[in-house]
Amino acid sequence: MKFDTPAATNPIDQLKVVGQPADRIEGPLKATGTAPYAYERHDAAPNAAYGYVVVSTIARGRIRSLDASRARRAPGVLAVITAETAGPLDKGQYNTVRLLGGPEIQHYHQALGVVVAETWEQARAAAALVQVQYQEAPGRYDLAKLKNAAAVAPPGFGGPPDTARGDFDGAFASAPVKLDATYSTPGHAHAMMEPHATVAAWNGDQLTVWTSNQMIDWSRGDLAKTLKIPKEKVRLVSPFIGGGFGGKLWVRAEAVLAALGAKAVNRPVKVALTRPVMFNNTTHRPATIQRVRIGATPDGKITAIGHESWQADQEGGSSDPHVNQTRLLYAGANRMTRTRLAKGDLPEANAMRAPGEASGMMALEIAMDEMAEKLGLDPVDFRIRNDTQVDPEKPHRPFSQRQFVQCLRQGADHFGWSARNPRPGQTRDGRWLVGLGVAAAFRGAPVQTSAARVRLEAGGLLVVETDMTDIGTGSYTIIAQTAAETMGVPLHHVRVRLGDSDFPVSAGSGGQWGAASSTSGVYAACMKLREQVAGKFGFDPGQTAFQDGQVRSGGKAFPLAQAAGLVAEDAIEFGKLGEQQELSTFGAHFVEAAVDPYTAEIRVRRMLSVCAAGRILNPKSARSQVIGAMVMGVGAALMEDLVVDKRRGFFVNHDLAGYEVPVHADIPHQEVIFLDEVDPAASPLKAKGVGELGICGAAAAVANAVYNATGVRVRDYPVTLDKLLAGMPQVA
Ligand code: MOS
């Protein structure tokens, strides 16, 4: 099905199942611990041996010698595989660095091999016996120092690195009110609950991997390429995923090493990365330095807005599009964005939930708060004054839907924003200093081709198969809702099977495109099935209704179950609507924070997000996505910080004791409001994603609330008490 004109009225609009807050259909499996995650596929590979990954303890250089002889003789050991013994491997398509290092070392904790043994403990004990001598080389680890040598970033997934319109320099220089501020954000770890884990088994030259992966088709191809075997010879199975956040978009070392290990010992091998290895072995959200300049008239109209970003990555890497939101969020005739990338030697930087905007909004939305204060304007009002209904860089392009102002107004109203004291550091609640903060939420709404197969089975059961993944987001449920609505059956008549490369290729889970794209693919397949069913009963498909398990046309009706055996497969192909109009999602975050005036301890008290993101397919799972994203925003604001050892080139706090993320006690009351919206330009379901919208701007809203509470402006995330203490107001 081609989607190149805005959606007309269609079966989804009945909203009998879609749009309802259905419980997760796989919820009972997860709540009872019976959903089989990758490392637990005892059913599929009962005889699996255990692999333990050996990793580099230097960041850069060469292996002088690697002696695995003691490890090979250790109890229970079946094989030790290193780059020397692995046979020829190719660099996968999506990886900047080799997943198996040696003799060259490209980053700290790069995998150097795997020890395979009868038990995990034996594999771990033997891995400790592998003797590695290194020739260490100097590396580049300090972004602040690398910044000056940064070059224009290669064009990445976020469009061109640089854009300009009008005369930014002239307009900024002559602006009556201006802000020129530099912000920094540290690296972030995905820190998903389930580690990277794979069970691999060979049957002749056919490889099956049960793994934890967001993008089945990418990773199937990537793994095949790495192992130098045809893609058809690899099957990837990933039905349950304990979180990904972008860290599982690609095949990682454990999958390659499980496949190599299984080949070597001629039996299934399971490998998981241990938590302390994940932080440096896999990818992370890159640290940034960002300069934001805003010029405005005294009445608060932006005349010039500029945003520049700097990040570093390994040779061949790309930059997150940290400046993208600044191209679209606020009006202003004179504008400029620049994306700069330096070469560095820390582990590979890559996508993490809302790559680009999540970091970019951390800077832009503090800048907007600072600018509002300079102008003497309320920060909600300042944003409203600079709303735009067209792409400000390309004014011929309207937004398909843009209820940004509505989000701000409704949020301010609901949150009690009018009670905010614009003078910071003035409001007390007992001992605490209290402040309110606001920030915009903005994230693009990309869509991708997505295919599915639907089959009517005996008794009217509808089986949906697609390689789409559910990374905790609710894919199973919204796909079932889509199929049920389109075919006119109750939700419990639908079985959804996901995450298997034997199924039609979907959009996968990434970039907030999963929900809109995958449900559209399922819708396309169901519409094809409807045609077949109508044909079987001698009906005109355009004049046939599918409701309550019945197929009706003219005065006749048949039970849908009578069409058992029919199968349809189709894909949604998105045309140029997203070029003609800007498809984005919008929101507004409101935060109340309290700060202890003596210790500067920060407590987030209340959070509200108001979101406008097209039709909400399932308000329960969508809300969970947004509150989860808000939690990550609190982490980014106050805690998360991959601390770099700038001499040795690694992330020091590489476990969950040192890398802090919010826990329940850190998270207060959270509320999410979805505005009524349908976006016919977005997809046949008139829906967009929300999974990444909720993190964009959330950290800045927290930072702005802390500023309002204390009067101390921290521009270097995370906002921690040591950065507040010196400036705290004197209180009684
Ligand atoms: Mo997302 S960072 O594309 O999983």
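Residues numbered from 1 in each chain as written. Predicted model: local features only at pLDDT ≥ 70, side-chain atom pairs only at ≥ 80, totals over all residues. Heavy atoms only, no water.

## A look at the packing of helix α13 (residues 475-487) against helix α14 (residues 514-536)
How two helices pack is summed up by the angle between their axes together with the distance between the axes. Put simply, α13 and α14 touch, their axes get as near as 9 Å, and they point 30° apart. Classed by the angle they form, the pair α13 and α14 counts as roughly parallel. Relative to α14, the crossing made by α13 is right-handed. Each of I478, I479, T482, A483, T486 and M487 in α13 lies in contact with α14, whose residues at this interface are A515, S518, T519, V522, Y523, C526, M527, L529 and R530. Broken down by class, the residue content of the contact of α13 with α14 amounts to 10 nonpolar, 4 polar and 1 charged. (Axes fitted to C-alpha atoms, helices over the stretch in contact; angles between N-to-C directions. Helix = DSSP H or I, 4+ residues; strand = E, 2+ residues; numbered from the N terminus. Parallel < 35°, antiparallel > 145°, perpendicular 65-115°, else oblique. Left-handed = near helix turned anticlockwise from the far one by under 90°. Contact = heavy atoms within 4.5 Å. Nonpolar A, V, L, I, M, F, W, Y, C, P; charged D, E, K, R; others polar.)

## A look at the sheet that holds strand β3 (residues 61-67)
Strand order in the open sheet formed by 3 strands is β5-β3-β7, and the pairing between neighbours is antiparallel. Every other strand in the sheet has two partners, leaving β5 (104-105) and β7 (131-136) as the edge strands with one partner each. Of the strand pairs in this sheet, β3 and β7 are connected by 6 bridges, and their pairing is antiparallel. Across the sheet, residue S65 finds its bridge partner in β7, namely Q133. (Pairing = 2+ DSSP bridges.)

## Some details on the pairing of strand β16 (residues 302-313)
Burial within β16 is extensive, with 10 of its 12 residues counted as buried. As paired strands, strand β15 (residues 288-296) and β16 are joined by 8 bridges and run antiparallel to one another. Within β16, the position partnered with A296 by the bridge is I302. Here β15 hands over to β16 after 5 residues, with G300 in that stretch at a positive phi of 90°. Relative to strand β17 (residues 334-343), β16 runs parallel, the two sharing 10 bridges. Its bridge partner lying in β17, D313 is registered against K343. (Buried < 20%, exposed > 50% of the residue type's maximum accessible area, 1.4 Å probe, protein only.)

## A look at the pattern of salt bridges
For the coordinates displayed, the defined rule picks out 46 salt bridges. Ionic pairing is found between K248 and E194, a salt bridge with its closest N-O pair at 3.2 Å. One end of the pair, K248, is in the loop between β13 (234-237) and α7 (253-265); the other, E194, is in the loop between β10 (177-185) and β11 (197-203), with 54 residues separating them in the sequence. The exposure class assigned to K248 is buried, which follows from its relative accessible area of 0%. Several salt bridges converge on common partners, so that one network encompasses R453, R455, E457, E465, R497 and E569. (Salt bridge = Lys/Arg side-chain N within 4 Å of Asp/Glu carboxyl O.)

## Digging into the sheet that holds strand β24 (residues 550-553)
Pairing within the open sheet is antiparallel, and its 3 strands lie in the order β23-β24-β25. Looking at which strands have only one partner, the edges of the open sheet turn out to be β23 (545-547) and β25 (556-559). Across the sheet, the axes of successive neighbouring strands diverge by a mean angle of 25°, strand direction being ignored. Note that β24 and β25 share 4 bridges and pair antiparallel. Considered in β25, the bridge of R552 is made with A557.

## Looking at unusual backbone geometry
Generally, phi is negative for residues other than glycine and the peptide bonds are trans, each holding for most cases. P103 follows G102 through a cis peptide bond whose omega is -5°. The topology assignment puts P103 in the loop between β4 (77-82) and β5. Y717 connects to P718 through a cis peptide bond whose omega is -5°. Along the chain, P718 turns up in the loop between α17 (698-710) and α18 (721-724). The phi dihedral of A191 is positive, around 45°, even though this residue is not glycine. The topology assignment puts A191 in the loop between β10 and β11. Phi is positive for K686, which is not a glycine, with a value near 65°.

## Overview of the packing of aromatic side chains
A full pass over the atoms with the stated rule returns 18 aromatic pairs. A centroid spacing of 6.2 Å and a plane angle of 35° characterise the contact between F404 and F586, whose relative ring orientation is tilted. A residue pair is termed long-range when its members are at least 10 positions apart, and F404 in helix α12 (residues 404-415) and F586 in strand β27 (residues 584-595) qualify at 182 residues. Among the residues examined, F404 registers a relative accessible area of 0% and is labelled buried. With 4.4 Å between their ring centres and 15° between their planes, F537 and F558 make a pair best called stacked. Placement of the pair is F537 in the loop between α14 and β23 and F558 in strand β25, with a sequence separation of 21 residues. Residue classification places F537 among the buried residues on the basis of a relative accessible area of 12%. You can call F558 partly exposed: its relative accessible area is 24%. Counting every residue linked through ring pairs, the aromatic cluster contains Y330, F399, F404, F442 and F586. The lysine or arginine in question, K178, covers the ring of F172, its NZ or CZ lying 5.4 Å from the ring centre. When the ring centre of Y39 is taken as origin, the NZ or CZ atom of K270, which lies over that ring, is 4.5 Å away. (Phe/Tyr/Trp six-rings, centres within 6.5 Å; stacked < 30°, edge-to-face > 60°. Lys NZ or Arg CZ within 6 Å of the ring centre and 35° of its normal.)

## Quick notes on the nonpolar core
Ranked by size, the top nonpolar core spans 93 residues in total, and within it L329, F590, L638, V702, V719 and L724 carry the most contacts. The element that contributes the greatest number of residues to this core is helix α10 (residues 357-375), accounting for 11 residues. Once you skip the residues sitting within four places of it in the chain, V719 turns out to touch I602, A637, L638, A703, V706, V714 and L724. Listed in part, the 46 residues of the second largest apolar core include V53, L100, V209 and L346. (Core = buried A, V, L, I, M, F, W, Y, C linked by side-chain atoms within 4.5 Å.)

## Examining the domain arrangement of the protein chain
In terms of domain boundaries, the protein chain breaks down into domain 1 (11-35 + 448-573) and domain 2 (356-446 + 580-727). Using only C-alpha atoms to locate each centre, domain 1 and domain 2 end up separated by 35 Å. The interface of domain 1 with domain 2 comprises 26 residues on the first partner and 24 residues on the second. At the surface where domain 1 touches domain 2, the tally comes to 3 salt bridges. Among the salt bridges present, the one from K686 reaches D13, with a minimum N-O distance of 2.7 Å. At the junction of domain 1 and domain 2, the tally comes to 12 residue pairs in polar contact (both at pLDDT 80 or more). At the level of elements, α13 and α14 are the ones that each hand at least two residues to the side of domain 1 that touches domain 2. In terms of residue count, the dominant contributor to the side of domain 1 that touches domain 2 is α14 (5 residues). (Domains from an automatic or database assignment. Polar contact = N/O pair within 3.5 Å; in protein donor to acceptor, adjacent residues only side chain to side chain.)

## A look at the layout of surface pockets
Counted as a void, the second largest pocket has a volume near 550 Å³. Forming the walls of the second largest pocket are 32 residues, and the residues nearest its centre are L143, P186, G187, A287 and V644. Broken down by secondary-structure element, the contributors of at least two residues to the lining of the second largest pocket are α4 (143-146), β10, β15 and β16. Taken together, the residues that form the lining of the second largest pocket break down as 17 nonpolar, 7 polar and 8 charged. (1 Å grid on protein atoms, 1.4 Å probe; cavity = no way out; pocket = protein on both sides within 12 Å on 5 of 7 lines; lining within 4 Å. Points joined across faces, edges and corners; volume = space filled by probe spheres on them.)

## Things to note about the environment of Q106
Inspection of the secondary structure puts Q106 in the loop between β5 and β6 (111-117). Distance from Q106 to F172, taken between C-alpha atoms, is 42 Å for residues 66 residues apart in sequence. Dropping the residues within four chain positions of it, Q106 is found in contact with A59, V97, R98, Q314 and D345.

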